[in-house]
Structures are given as structure tokens and as C-alpha cells.
Amino acid sequence: MSKPAGPATPSANVFVLLKKYPKHSLLLVAFAFLANGLGLIIPKLIAIGIDSFTSSGVFPSHLILPTFLIITGIFIFSFAQNLMQTIASERVALDLRKQLTQKISLQNNATIEKFTPAVLLTNLTSDIDAVKTFIAQAVAGIVSSLLLIIGSSILLLITDWKLALVVLLIIPIIGITFKVIFGKVQVLFIKGQEVIDWLNKVINESILGSATVRILNSEDREKEKFKQANETATNTGLKILSYFSSLIPVITFVSGMAVLVIVVLGGYFVIKGEMTLGSFTAFNSYVGILIFPIIMMGFMSNVIARSAASYGRIQQIFDHPNPTESGKLSAENLSGAIEAKDLSLVIGTKNILNKTTFKIKAGTRTAIIGPTAAGKTQLLSLIVGLTEPTSGQILFDGKKIKDYDQNSFFNKVGLVFQESVLFNTTIEENIGFSDSANSENINKAIATAELENLISTLPDGLKTIVSERGTSLSGGQKQRLMLARALALNPQVLLLDDFTARVDLNTEKNILNNIKKNYPNITLISITQKISSVIDYDQILVLMEGDVIAKGTHEQLLKSSPEYIQMYESQKSTNQYELSTD
Amino acid sequence: MNYRLTNTSHQTESAFAAIKKFWPLLRNQKREIFLAFVAVIFSSIASLVGPLIIGLIVDKFIATKQISGVLSWGAVLFLVYALSAIATYFQTKLMGTVGQKLLFSLRSEIFNKLQSLPLAFFNQNKVGDLISRINNDTDKLNQFFSQALVQFISNSFMMVGAAIFLVMLNLKLGIASLVPAFALLIITKALSSWIKQKNNTNLKATGNLSAEISEALENFKLVAVFNRRDYFRNRFNEVNEVNYQSSLAAGVANNTLIPIYSLASNIAQAIVLFYGVSLIINGNLTVGLLVSYVSYVGRFYDPIRHVASIWSTFQIALAGWDRISEILNLKSELKITEVENKKSKKTNSLLEFSKVNFAYQEGKNVLHNISFDLEMGKTYAFVGPTGGGKTTIASLMSRLFDPTSGEIYLNGQDIKSFPEKERTQKIGFILQEPFLFSATIAENILYGNPKCQSLSITELEKVLAEFGLDKLLNRFPQGLETKVSTKGQLSLGQQQLIAFIRAILRKPELLILDEASANVDTVTEKLLDEILTKLPQTTTKVIIAHRFNTIENADEIFFVNAGNVTKAGSLKHAMELLLKEKRHS
């Protein structure tokens with residue numbers, strides 16, 4: 001496992017969250033205070049009972065009613081406390097998720113890819129869960145622990161301050177032990193989380209690549225990969241365990257020593273008549289009460305550290321600046337003239353695109369052609385503003401993309417991606433994904449994309465659910481659905497990324513004719529491998545390793561570009577067939 | 001062929017039945033378990049003997065004012081606490097180790113099961129839900145086994161020991177102080193299935209939530225381009241709300257037991273006080289014993305309270321276990337049959353389809369009574385409109401699925417009778433959408449190729465050169481060492497090239513190319529064609545394509561449409577069919 005050391009994640013003060021929910025926090029603290037405060041009285045009651053009996057020999061019947069009331073009170077308040085913990089923590093999680101989604105939804109695609117969907121998923125699930133645990137456990141845990149520690153310490157001091165001072169020594173001893181061991185475990189916890197990420201990666205890839213694994217019969221290889229991660233996970237778990245298994249005996253031993261002190265020293269005081277037997281019993285009980293909250297504080301400090309780290313990661317997203325406000329310019333009357341000026345894109349140290357310049361007239365058809373990994377898809381992404389260029393600019397009707405109102409701009413620009421990007425919902429919702437798609441536009445789009453036949457054979461028609469990676473649709477069908485989705489905008493500019501790759505010849509011809517007929521003034525930009533389908537285009541851009549090495553019509557390129565001629569030659573033998581069908 | 005996971009929770013299953021299920025995973029740890037139990041018994045006895053000694057010191061020495069007795073019994077008490085600490089150490093260590101190893105076996109079991117299931121399983125279930133089941137639900141089990149189990153068992157022991165002491169010291173007071181515990185037993189039993197069910201619903205909602213988030217995030221560019229940021233929010237808010245409701249319900253369910261247990265503990269203490277005092281008045285109890293009793297009641301009810309808080313962890317783990325065992329209970333229906341089972345009459349065919357019907361969903365046939373055969377060393381093209389069934393045929397050829405009816409023969413023998421290793425060695429299949437693992441390109445190329453696995457980079461380069469595959473590597477910035485990590489980093493065309501190299505290097509007898517170069521430029525594609533000619537003469541090739549240049553050298557062309565296969569004869573005829581065909585898809 002080689003993981004790049006990620007940037008140090010800042011932790012944020014999770015207690016700030018409590019201020020945002022004053023009512024919830026106040027009630028939570030109040031209930032925890034009351035429930036645990038009342039709890040402290042029980043040993044005192046027992047001590048009073050034993051003392052009043054030993055001194056008078058009479059049954060302490062006057063204590064029955066107060067005992068009953070206190071027990072009932074504890075039950076009610078601790079019930080309320082537990083309920084409040086759940087309500088408050090779930091409320092915070094709900095709101096945080098909502099706010100985080102709101103924030104994410106405003107970002108542009110580049111930001112999402114920078115943060116990566118996987119990390120954002122972790123932010124929205126396990127990080128928020130950690131914050132939830134903080135509210136659910138740490139807040140009440142700390143309040144009640146502090147109350148119990150302070151309360152029982154005071155009661156111990158009141159009962160017998162000399163004995164109390166000796167017994168209270170256990171607080172710093174246990175506290176320091178915790179700090180030392182948790183300091184070491186913390187590192188292992190982080191490592192444990194990394195190992196879990198590793199395990200998950202192996203699992204996820206084996207699911208996503210399940211077909212590949214079965215074809216190559218590499219199930220054993222996958223098992224081997226998993227075994228490595230699994231063994232590391234177990235070893236890390238065992239290391240954490242060995243720290244814990246030394247921590248717990250220390251605590252039990254130290255608290256045992258406190259009891260020993262009480263028995264020997266307290267016993268001595270009782271014998272000397274400086275202490276009553278009732279107080280002696282109460283002392284024993286208070287020490288019992290004292291130990292648990294100390295341990296609790298130790299564990300809570302860990303919960304706080306974890307949730308602070310998670311909240312820090314969440315805060316990082318909130319602190320990310322929103323993309324600059326989009327312009328006000330309406331694209332309603334966009335004619336579709338596009339111009340690229342000195343467009344460059346650098347990713348890392350690699351030049352993806354070098355100072356690309358071209359012009360596309362409104363209502364014309366342009367093809368982008370070039371070898372695998374030439375930067376064609378990135379160029380498309382730059383044209384519509386999905387990716388920010390490193391330098392240079394893109395103009396639509398002579399205006400920068402940023403000047404346009406994004407809503408109105410994307411209502412006029414349709415894009416069909418290379419890979420299938422479909423939502424797990426009905427065909428109708430997938431096609432009418434944009435708000436501006438009305439039923440008239442949807443029907444026109446369906447007809448243009450030659451989907452009528454397909455839809456009519458489906459049992460639920462337009463209401464058929466497109467399953468995630470389902471076997472229900474073929475590659476070409478998905479591609480046509482995506483085209484229909486773009487056309488349903490009734491766009492002025494249409495960009496196709498390798499649309500023809502998965503659609504058969506006949507359908508492709510029909511679709512291109514349909515587009516010409518149904519969307520007469522559209523500006524079309526098409527990335528393709530097939531020269532035959534773009535021979536009559538107004539302009540062909542030949543892209544190679546980030547450079548537009550030639551542009552012009554088919555005829556012009558045949559005269560001027562040797563690279564283009566080579567590509568054309570490689571397809572020529574079959575072109576005879578394809579041309580003969582015209 | 002139904003591998004769809006449901007979400008029905010199995011209410012009948014008791015906690016005990018679940019533990020019994022874990023047993024096979026524990027069998028090889030008998031010695032550790034035995035030692036852990038010894039340690040648990042020791043530490044429980046030690047912590048129970050403590051209060052007894054304190055009671056004795058109070059009655060025999062403090063009440064009679066003998067300081068020397070206090071001191072000497074104090075020394076005994078010290079020994080007991082020391083012993084208790086040592087026993088606690090071994091208890092935590094041994095039980096924890098058992099838990100960790102159990103988790104190891106459990107994770108392996110799940111993963112190995114996943115590897116044994118056929119492709120249909122992965123197609124029928126949502127990826128997001130599967131991942132959530134395996135990551136999230138095993139994590140719930142993890143929490144239980146790595147943290148709660150130790151406490152669960154030691155607390156249970158402590159409880160039983162304290163109960164025995166309570167009853168033995170004074171039968172009447174003992175029974176009286178245990179009455180609230182009986183009430184708890186009944187309440188817990190009554191509430192458990194409710195708690196588990198709430199958690200089950202919640203885990204399901206969590207699965208949906210993460211499935212929804214990952215879908216929306218992975219498709220974010222669509223959201224951006226189509227201006228549907230509101231769609232992203234609305235759809236998410238919906239699942240968020242559902243998750244909130246179920247999580248709230250589960251939280252309430254998980255938290256109800258805790259105050260009830262405290263109540264029982266307090267009632268028991270009150271019983272001990274008042275009933276104990278009245279017993280003393282009747283001369284049936286001493287003050288010293290009463291002091292011990294107060295402490296024993298604590299020692300009985302404190303572990304119960306711990307168990308109560310662990311109990312919900314246990315119910316959550318059980319709910320997770322239900323969802324996981326649904327996967328573990330699935331059995332692959334793609335079994336390897338006996339060799340003599342069925343034989344084809346044809347002798348020189350490599351692969352033969354005989355009256356094959358196939359349906360992904362019952363009753364909806366996508367292939368109708370298909371028969372054809374492929375001879376060794378020839379090249380076959382499958383053409384036809386999209387959605388006609390070409391990919392399905394290819395999937396059946398490589399036995400990703402079994403036909404609903406009809407037979408497929410490989411080398412004249414039922415394809416079902418071939419061991420997986422032999423079959424996959426014979427058949428290479430380049431998928432329409434290739435998958436790459438996050439590793440270097442070299443590792444991806446060698447993936448699933450044991451013969452070449454140990455080659456060094458230079459040796460690998462040599463082997464690649466034999467096939468002319470080296471020319472393809474300059475499409476990658478760092479050649480073989482280029483790292484493939486996140487999605488979108490390599491273009492679809494580049495991914496197809498890697499899948500191509502990977503398949504060629506395995507030297508299959510039958511090579512299926514399903515639109516294998518659809519996104520590769522035509523110049524590179526020419527190169528691929530050349531490479532294909534370098535394969536041994538006996539290699540049979542099946543090419544599925546829309547672009548006709550890739551199939552012009554085919555010996556035979558099959559036309560696939562609406563689940564039927566016909567021989568097209570010449571390329572020209574295939575073209576005509578394709579153009580004239582009124583599509584049924």
C-alpha cells in the first residue's frame with residue numbers, strides 16, 4: 001500500500017456547533033445535569049439510612065418517599081437526556097448534510113473533481129457521522145462526567161477531607177495513563193482508517209471490475225490483494241488492542257488501590273471513632289462513582305479529537321470560495337458563433353492544449369478529429385466552460401462565457417458526453433433532465449434521436465427505469481438517450497463527443513439528417529473518428545498532442561494536411577462501402 | 001437466475017442463533033477462546049471477592065476495633081487486586097484477539113463469496129448498495145467484535161458471578177434484589193426485535209443515501225451542464241429526510257434501554273436498603289453484610305447497564321449481519337458440470353451455439369433460438385443495429401451467463417464442463433467499456449496473466465515487442481510505468497488500448513472484440529489490425545463493430561438483429577441488411 005501523504009487536515013472547534021443550536025444544547029446539558037446530579041444523592045441516602053438505623057435501631061421509613069421520588073426523577077431526566085441526545089445529534093446531522101449539499105451544488109465541475117467525489121462522499125457520510133457522535137455522546141458524556149467527578153469529589157471532601165485527598169490522587173494517575181496511551185493509539189487509529197480505505201478500494205474495484213475479473217479468471221488474484229489488506233487491518237487492530245489491554249488493567253488496579261486505602265485508612269478512622277460506618281460505606285460508593293467518569297472523559301477526549309478532525313474537513317468545504325457570480329447576459333438570442341483565442345490548458349506539468357485558436361460561424365458544422373489522447377475531450381470541456389483554461393479565452397457571439405447568465409447559457413448549449421452518464425430514474429426524467437425541456441421539445445428530441453421504436457417496445461414506455469449499469473440498454477441506446485437529453489433543450493449549439501462510436505451506420509445517418517431537418521440553424525461541433533460522416537462539414541479541426549495542426553474543409557485538408565490524408569487513407573477502403581450507400 | 005438482494009429482515013433469528021452462525025469462523029481459535037474464558041473467570045472472581053473481603057473486614061475487625069486484622073486482610077485485598085489486574089490484561093488481550101481474527105475470517109468469507117458469484121449478481125444489484133453493505137455493514141460488525149465483544153462477555157460473567165454471590169450471601173435479600181433484573185430480562189426480550197428492526201431500516205436508508213450521493217457526485221458534470229443543481233439538492237434532500245427519520249427512530253430505539261436499566265439498578269439499591277434493614281431488625285443480616293450487599297448490587301447492575309449500551313451495538317451488528325448473510329447465502333448457478341455430460345456431433349468447430357435462448361429477466365427473451373458455429377482460425381464479424389443482442393452473445397460465449405435453454409459447446413464439449421481456469425485461458429474477451437485497476441499500466445496489462453506475472457519491465461517490453469504491442473505504449477506519458485488512478489484520467493480510447501494489450505498477451509484460442517476499438521482513432525486501429533495478424537494462425541476471432549473497416553477481412557459475417565442471428569454472406573450483403581432493416585429494437 002503506497003498512499004501519498006495527504007495535506008494535513010485542519011481540525012475545527014466542534015463546540016462552536018453547540019452555539020448554533022442553543023435550545024437543543026441547553027436542554028441536553030440541563031437534562032444531563034439533573035439526571036446525574038440526582039444520581040449522586042442515592043449513595044448519600046443509603047448512608048443516611050444505614051447511619052440512622054445503626055444509631056437508633058429503628059426502620060428508616062421516613063426515607064422511603066424521598067428515595068422513590070429521586071429514583072423516579074432520575075428515570076425521567078435520564079430518559080429525557082437520551083431522547084435529547086438523539087434528537088439534537090440527528091438534527092445537526094440533517095442540517096449539516098443539507099448545508100453541505102447546498103454548498104457542493106453551487107460549485108463548478110472542476111471543484112468537484114478537485115475534491116474528488118469519493119472524498120465528498122466521505123464528508124457527507126462518515127465525517128458527518130463523527131460530528132453526530134460528538135453531539136450524541138461527548139456533550140452529555142462530558143457534562144455528566146464533570147458533574148460526577150466534581151460532585152463526588154466534593155462529597156468525598158465533605159465526608160472526610162484527609163481520606164478524600166488520598167483517594168482523589170487516582171484522578172491524575174488515571175488521567176496521565178490515558179493521555180500517554182491515547183497519544184500512541186491516535187497514530188494507529190489514523191493508520192487503521194487508511195487500511196480501511198485500502199480494503200474498501202479493493203472491494204470497490206472488484207465490484208466495478210467484476211466482468212473483467214471473471215473474464216480473466218483472476219478471482220484468486222483479487223483474493224490475494226484483499227488478503228494483504230485484510231491482514232494489515234487485522235495487525236493494526238491487534239496493535240491497538242495491545243495498548244488497550246494494558247490500559248484497562250492499570251485503571252482497575254489504580255481504582256482497586258483507592259478502595260484499599262479507604263478500607264485500611266478509613267477502617268482506622270472508624271476504629272478511632274473519627275468516621276461513622278455509614279460514611280465509610282458512602283466513601284466506598286463514591287469511589288465507585290468517581291472511577292467511571294474518569295474513564296469516560298478519556299474516551300470522550302478521543303471522540304472529540306476524531307470529530308474535530310472530521311468537522312475540520314467539512315469546514316474546509318464550507319470555506320471554499322463559491323465560484324464567481326455568473327454574468328447577467330441573456331443567451332436567449334444566442335446565434336452560436338464561437339471563437340477560441342490562444343486557448344491553453346496545463347494539467348500538472350503536462351500541456352494538454354497549446355495556444356489553440358479557431359473560429360466557428362453560427363449555424364455551421366465543425367468536426368474535431370485526431371488520434372487517441374490528443375486532447376479532444378478536454379477541448380470540448382473548455383469550449384462549454386466546464387474546465388477553466390490555463391490561459392486564453394472562449395467567446396460566444398463575441399462575449400466571454402462568464403458574462404452570460406449560466407442558466408440561460410446552458411439552456412442554449414447542449415452536450416453529449418462520450419461515456420454513458422445516465423441517472424437511475426425513468427427514461428422520461430433522463431431525457432427531460434433540464435427544466436427548460438417541455439413535452440413538445442422532448443417529443444421532438446425523441447424523434448430526432450430515433451428513439452421512438454425503442455420506447456414503444458418497452459413495457460412501461462417513457463416511464464421505464466434506466467437501471468444503473470443495467471443490462472436493459474445497449475451502448476448505442478444509451479448514447480441516443482443522451483443525445484435526446486441534449487436536444488430536449490432545443491439548443492442553439494450542440495456538442496457531440498464521439499457520438500458515432502457506438503451508433504450503427506444507418507441510425508447515425510438518420511439522426512444526422514433529423515438534426516439538419518429539425519434544428520436547422522444549430523451550430524454543431526462533433527468529435528469523431530469517422531471521416532466519412534464529416535466530409536460535408538463546414539470545417540474540420542485536426543488535433544494532435546494538444547495542437548490544432550490543420551483546419552479547413554475536407555477538400556482543403558486533403559490538399560494541405562499529410563496527417564489528415566493518412567487518417568483518411570486508413571479509412572478509405574471501407575469508405576467505398578459507406579459512400580456507396582448514399 | 002435471481003441474485004437480487006432484498007431487504008427483508010429475518011425476525012425469527014435470535015441472538016443465540018446468530019452466535020451459532022459465527023461459530024464455524026471461530027473453530028480454529030478454540031485454544032484462545034478457552035484461555036480467554038479462564039482469564040474472564042479469574043478476573044470476575046477477583047473483582048467479586050473484593051467486596052466480600054471488605055464486608056469481612058468491616059464485620060470482623062472494624063466493628064471490633066482490631067487494626068492488625070484490618071492490615072493483614074488489607075494485604076490480601078492488595079493481592080486480589082493485583083491478580084485481578086493481571087487477569088484483566090489477559091482477558092482483554094485474548095478476547096480482543098479472538099474478535100480481530102474472527103473479523104478477519106468474516107471479511108475473507110464475504111470477499112471470497114463475492115468472487116465466487118457470477119456477473120449477473122453485480123448487474124442485478126446497485127453498486128452503491130453493495131458497497132455500503134460490504135463497507136458499512138461489516139464496519140458495524142467490526143465495532144461490535146473489536147470493542148463490544150470483550151466487554152459483553154466479561155460483563156456477562158461478572159453479572160452471573162455477582163448474582164450467585166447475592167443469592168448465596170442471603171437468599172431472601174438476594175432474590176429480592178434480583179427482581180428488577182427479571183423485569184429487565186422481559187423488557188429487553190420484548191424490545192430487542194423492535195430495536196433490531198429500526199436499525200435494519202436505518203442501515204437500508206444509509207445504503208440508499210450513499211448510493212444516491214455517489215450517483216449524483218459521479219455525474220456532477222451533467223448536473224452542471226444541464227443546470228440542474230436543484231435536482232442534485234432536491235433528490236438528496238429527499239433521501240436525507242428519509243435517512244433522518246429512520247436514524248432518529250433507530251437512535252430512540254437504541255437509547256430506550258439505558259434509562260430503564262439505571263432505573264432497575266436504583267430500585268434494587270432501594271430494595272437492599274429497606275428490605276436489608278428490616279432483615280437486620282429480624283436478626284437475619286449483619287451491617288457488614290449489608291455494606292457488601294450494596295456493593296454487590298452495584299457489581300450486578302453496573303455490568304447490566306454496560307451490557308444494555310452494548311446490546312444496541314449488538315442489535316446493530318445483527319442487523320448488519322442480516323444484510324451481509326444475504327450475500328453469503330447466495331450460490332452461484334454457474335456450476336461446472338461433469339465432462340461426459342453433453343457432446344457436440346461437430347468435430348472441427350471451436351465454439352458452437354445450439355438452439356440457444358437467453359433472458360436476463362424471466363420471460364423476456366433477448367436471444368431467440370440461436371445456432372451457429374465458429375471454426376478454428378477463422379475470423380467472424382457480428383454486425384447489426386444497437387440493442388440487437390451482440391454483446392449478449394459475446395457474454396454467453398465467454399460464459400459470463402448461461403443460456404436459459406440450448407447448448408454451447410467449446411471444442412465440441414459442453415462449455416459448462418470446463419474448469420474456469422481452462423475456459424478463461426481459451427477465451428479472451430475485450431469488453432465494450434474496459435475496466436482498469438488503480439495500478440501502473442504494466443500491472444494492468446499483466447493482470448490475470450500468471451504466465452507473464454514475474455516478468456520485469458524490460459522482459460515485458462520484449463514480449464510486447466514480439467506482438468508489435470510496444471508501438472501502442474507511446475500513447476501513454478510514462479509508458480508502462482504510467483499510473484492509472486482516478487477515473488477520467490485516461491481517455492476511453494487509451495483504456496481500450498490497455499484492455500487490448502492485456503487480452504492479446506494471454507494468447508487466447510478465441511478472441512472476442514466487442515467494439516474494442518470504438519473510441520480509438522483509425523490510424524491506431526490499423527495498428528491493432530496488424531497486431532491481430534501476428535496472433536497464431538489457429539486463433540479464432542470474433543469482432544463486434546459498427547465501423548465496417550474493422551470487419552472487412554472477416555471470413556464470415558453474422559447479422560444480429562432483435563435477438564436473431566442470420567448469416568450475411570458478403571460484407572456488401574451485410575451492409576444492405578443493415579440499411580434496409582426495419583429495426584425491431
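Residues numbered from 1 in each chain as written. Chains lettered and ligands numbered in written order. Predicted model: local features only at pLDDT ≥ 70, side-chain atom pairs only at ≥ 80, totals over all residues. Heavy atoms only, no water.

Trainee: Give a detailed account of the overall build of chain A, specifying residues and quantitative values.
Mentor: Of the regular secondary structure elements, chain A holds 19 helices and ten strands. In terms of overall size, chain A is more extended than a compact globule, its C-alpha atoms giving a radius of gyration of 36 Å where 582 residues would be expected to give roughly 25 Å. Each principal axis of the C-alpha distribution contributes one length, and for chain A these read about 120 × 45 × 45 Å. Contacts in chain A between residues at least 24 apart in sequence constitute 78% of all its contacts with a sequence separation of at least 6. Here chain A displays about 24100 Å² of accessible surface, and carbon together with sulfur accounts for 60% of that area. Side-chain charges in chain A split into 51 positive and 47 negative, and the spacing between the mean points of these groups amounts to 6 Å. (Helix = DSSP H or I, 4+ residues; strand = E, 2+ residues; numbered from the N terminus. Rg over C-alpha atoms; globule rule 2.2 N^0.38 Å. Contact = heavy atoms within 4.5 Å. Areas by Shrake-Rupley, 256 points an atom, 1.4 Å probe, with all protein chains shown as cover. Lys, Arg positive; Asp, Glu negative; His and termini not counted. Charge placed at Lys NZ, Arg CZ, Asp CG, Glu CD.)

Trainee: Help me get a handle on the overall build of chain B, residues and values and all.
Mentor: Looking only at helices and strands, chain B features 16 helices and twelve strands. A globule of 585 residues ought to have a C-alpha radius of gyration of about 25 Å, yet chain B, at 35 Å, is considerably larger. Long-range pairs, those at least 24 residues apart, make up 78% of the contacts in chain B between residues at least 6 apart in sequence. Taken as a whole, chain B presents about 23400 Å² of accessible surface, with 58% of it coming from carbon and sulfur. Across chain B, the centroid of the 61 positively charged side chains sits 7 Å from that of the 47 negatively charged ones.

Trainee: Please set out the sheet that holds strand 10 (residues 540-544) of chain B residue by residue, giving values where relevant.
Mentor: Residues and elements named next belong to chain B. Taken together, six strands build an open sheet; the order of strands is 6-9-10-3-11-12 and the sheet is mixed. Both edges of this open sheet fall to strand 6 (427-430) and strand 12 (564-567), since each of them pairs with a single strand only. Across the sheet, the mean angle from the axis of one strand to that of its neighbour is 20°, orientation sign disregarded. (Pairing = 2+ DSSP bridges. Axes fitted to C-alpha atoms, helices over the stretch in contact; angles between N-to-C directions.)

Trainee: How would you summarise the interface of chain B and chain A if you had to cite specific residues and measurements?
Mentor: In many analyses, interface size is given as the accessible surface area lost on bringing the parts together. Taken residue by residue, the interface counts 150 residues in chain B and 158 residues in chain A. Area buried by chain B at its contact with chain A is led by Lys 221, Phe 226 and Phe 274 of chain B, which between them contribute 5% of it. At the surface where chain B touches chain A, the tally comes to zero salt bridges. Summed over the shared surface of chain B and chain A, the number is 18 residue pairs in polar contact (both at pLDDT 80 or more). In the side of chain B that touches chain A, the residues fall into 75 nonpolar, 48 polar and 27 charged. (Buried area = accessible area lost by both parts, 1.4 Å probe. Salt bridge = Lys/Arg side-chain N within 4 Å of Asp/Glu carboxyl O. Polar contact = N/O pair within 3.5 Å; in protein donor to acceptor, adjacent residues only side chain to side chain. Nonpolar A, V, L, I, M, F, W, Y, C, P; charged D, E, K, R; others polar.)

Trainee: Describe the confidence of the model for chain A, and please don't skip the residues or the numbers.
Mentor: All names here are of chain A. Looking at chain A as a whole, its pLDDT mean stands at 84, while 95% of the residues score no less than 70. Averaged pLDDT values for the elements of chain A fall to 65 in helix 19 (residues 562-580) and rise to 92 in helix 3 (residues 64-106). Low pLDDT, under 50, characterises residues 575-582; the predicted model gives this stretch 13 contacts beyond four residues in sequence or across chains. (pLDDT = per-residue confidence, 0-100.)

Trainee: Explain the packing of aromatic side chains to me, using residue names and the numbers behind them.
Mentor: Two aromatic rings, taken as a pair, are described by how far apart their centres are and by the angle between their planes. Applying the stated criterion across every chain, the model contains 28 aromatic pairs over all chains. An aromatic cluster is built from Phe 353, Phe 372, Tyr 380, Phe 382 and Phe 558 of chain B, whose rings are joined through pairwise contacts. (Phe/Tyr/Trp six-rings, centres within 6.5 Å; stacked < 30°, edge-to-face > 60°.)

Trainee: Talk me through a nonpolar patch on the surface; I want residue IDs and the actual numbers.
Mentor: Together, Val 166, Leu 265 and Tyr 268 of chain A together with Ile 67 and Leu 71 of chain B line one region of the surface with nonpolar side chains, adding up to about 380 Å² of accessible area. What makes Tyr 268 of chain A partly exposed here is its relative accessible area of 35%. (Patch = residues over 30% accessible without salt bridge, like charges linked within 9 Å, V, L, I, M, F, W, Y side chains within 5 Å. Buried < 20%, exposed > 50% of the residue type's maximum accessible area, 1.4 Å probe, protein only.)

Trainee: Could you give an account of the sheet that holds strand 7 (residues 493-497) of chain A, with specific residues and numbers?
Mentor: All names here are of chain A. Read from one edge to the other, the open sheet built from six strands follows the order 6-7-8-3-9-10, with strand pairing classed as mixed. Only two strands of the sheet have a single neighbouring strand rather than two, namely strand 6 (413-416) and strand 10 (547-552). Adjacent strand axes in the sheet meet at a mean angle of 15° when their direction is disregarded. Here strand 7 pairs with strand 8 (residues 523-528) via five bridges, running parallel. Paired with Val 493 across the strands is Thr 523, a residue of strand 8. Set on the sheet, helix 16 (residues 475-487) makes contact with strand 6 and strand 7; between it and strand 6 the angle comes to about 170°.

Trainee: Quick rundown of the environment of Pro 562 of chain A? Include the residues and the values.
Mentor: Topologically, Pro 562 of chain A is positioned in helix 19. In the structure, Pro 562 of chain A is positioned 156 residues away from Gln 406 of chain A in sequence and 40 Å away in space, judged by C-alpha atoms.

Trainee: Pulling in residues and values, what's your account of the domain arrangement of chain A?
Mentor: Each assigned domain of chain A is listed with its residue range as follows: domain 1 (14-159 + 307-323) and domain 2 (338-580). For domain 1 of chain A versus domain 2 of chain A, the separation of C-alpha centres amounts to 55 Å. (Domains from an automatic or database assignment.)

Trainee: An account of the packing of helix 2 (residues 22-56) of chain A against helix 5 (residues 117-159) of chain A is needed here, citing residue identities and associated values.
Mentor: All names here are of chain A. For the pair helix 2 and helix 5, interaxial distance at closest approach is 9 Å and the crossing angle is 35°. For helix 2 against helix 5, the interelement crossing comes out right-handed. Contacts from Leu 28, Val 29, Ala 32, Phe 33, Asn 36, Gly 37 and Leu 40 in helix 2 reach Ile 135, Val 139, Ala 140, Val 143, Ser 144, Leu 147, Leu 148, Gly 151, Ser 152 and Leu 155 in helix 5. Of the residues belonging to the contact of helix 2 with helix 5, the class tally is twelve nonpolar, five polar and no charged. (Left-handed = near helix turned anticlockwise from the far one by under 90°.)

Trainee: Which residues make up unusual backbone geometry, and what values go with them?
Mentor: Residues and elements named next belong to chain B. With phi around 50°, Arg 399 is a residue other than glycine that occupies positive phi space. Here Arg 399 is to be found in the loop between helix 10 (390-397) and strand 4 (405-410). A positive phi angle is found at Ala 562, which is not glycine, with a value near 50°. Within the secondary structure layout, Ala 562 lies in the loop between strand 11 (556-561) and strand 12. Using a relative accessible area of 24% as the deciding quantity, one classes Ala 562 as partly exposed.

Trainee: Explain helix 10 of chain B to me, and be specific about the residues and the numbers.
Mentor: Residue and element names in this part refer to chain B. For helix 10, the tally of buried residues reaches seven of eight residues, placing the bulk of the element in the interior. Those residues of helix 10 lying buried are Lys 390, Thr 392, Ile 393, Ala 394, Ser 395, Leu 396 and Met 397. Two residues or fewer past helix 10, Arg 399 is found with a positive phi of approximately 50°.

Trainee: Outline the nonpolar core, supporting the account with residue identities and numerical values.
Mentor: If you look at the biggest cluster of nonpolar residues, it comprises 136 residues, and the most contacted ones within it are Phe 121, Phe 353, Phe 372, Phe 382, Ile 393 and Met 397 of chain B. Per-element accounting of this core gives the leading share, 20 residues, to helix 9 (residues 287-328) of chain B. Ranked by size, the runner-up nonpolar core spans 129 residues in total, among them Leu 343 and Leu 458 of chain A together with Val 225 and Tyr 231 of chain B. (Core = buried A, V, L, I, M, F, W, Y, C linked by side-chain atoms within 4.5 Å.)

Trainee: Describe the side chain of Gln 269 of chain B, and please don't skip the residues or the numbers.
Mentor: Tracing the backbone shows Gln 269 of chain B in helix 8 (residues 229-281). For Gln 269 of chain B, a relative accessible area of 18% corresponds to the buried category. The contact partners of Gln 269 of chain B, leaving out residues within four places of it in the chain, are Ile 42 and Ile 46 of chain A together with Val 294 and Val 297 of chain B.

Trainee: For the side chain of Ser 192 of chain B, give the residues involved together with the corresponding values.
Mentor: All names here are of chain B. Within the fold, Ser 192 resides in helix 6 (residues 171-218). Judged by its relative accessible area of 12%, Ser 192 is buried. Not counting residues up to four positions away in its chain, the partners in contact with Ser 192 are Trp 311 and Gln 315.

Trainee: Could you give me a rundown of the pattern of salt bridges, with the residues and numbers involved?
Mentor: Applying the stated rule across the entire model yields 20 salt bridges over all chains. Among the salt bridges present, the one from Asp 322 of chain B reaches Lys 196 of chain B, with a minimum N-O distance of 3.3 Å. Of this pair, Asp 322 of chain B sits in helix 9 while Lys 196 of chain B is found in helix 6, placing the two residues 126 residues apart along the sequence. Accessibility expressed as a relative area gives 5% for Lys 196 of chain B, which makes it buried. Connected through shared salt-bridge partners, Glu 90, Arg 97, Asp 129 and Lys 132 of chain A make up one network.

Trainee: Pulling in residues and values, what's your account of the environment of Ser 517 of chain B?
Mentor: Residue and element names in this part refer to chain B. Looking at where Ser 517 falls in the secondary structure, it is placed in the loop between strand 9 (510-514) and helix 15 (522-533). When its relative accessible area of 12% is taken as the criterion, Ser 517 is described as buried. Taking the C-alpha atoms as reference points, Ser 517 and Ile 327, separated by 190 residues in sequence, lie 36 Å from one another.

Trainee: Residue-level account of the domain arrangement of chain B, with values.
Mentor: Structurally, chain B comprises domain 1 (23-328) and domain 2 (349-580). Computed from C-alpha coordinates alone, the two centres of domain 1 of chain B and domain 2 of chain B are separated by 54 Å.

Trainee: Describe in detail the pairing of strand 6 of chain A, supporting the description with residues and values.
Mentor: Residues and elements named next belong to chain A. Burial of the side chains of strand 6 extends over both faces: Val 413 and Leu 415 are buried on one face and Gly 414 and Val 416 on the other. Two strands pair when backbone bridges link them, and strand 6 and strand 7 are joined in this way by four bridges, in the parallel orientation. Paired with Leu 415 across the two strands is Leu 495, which belongs to strand 7.

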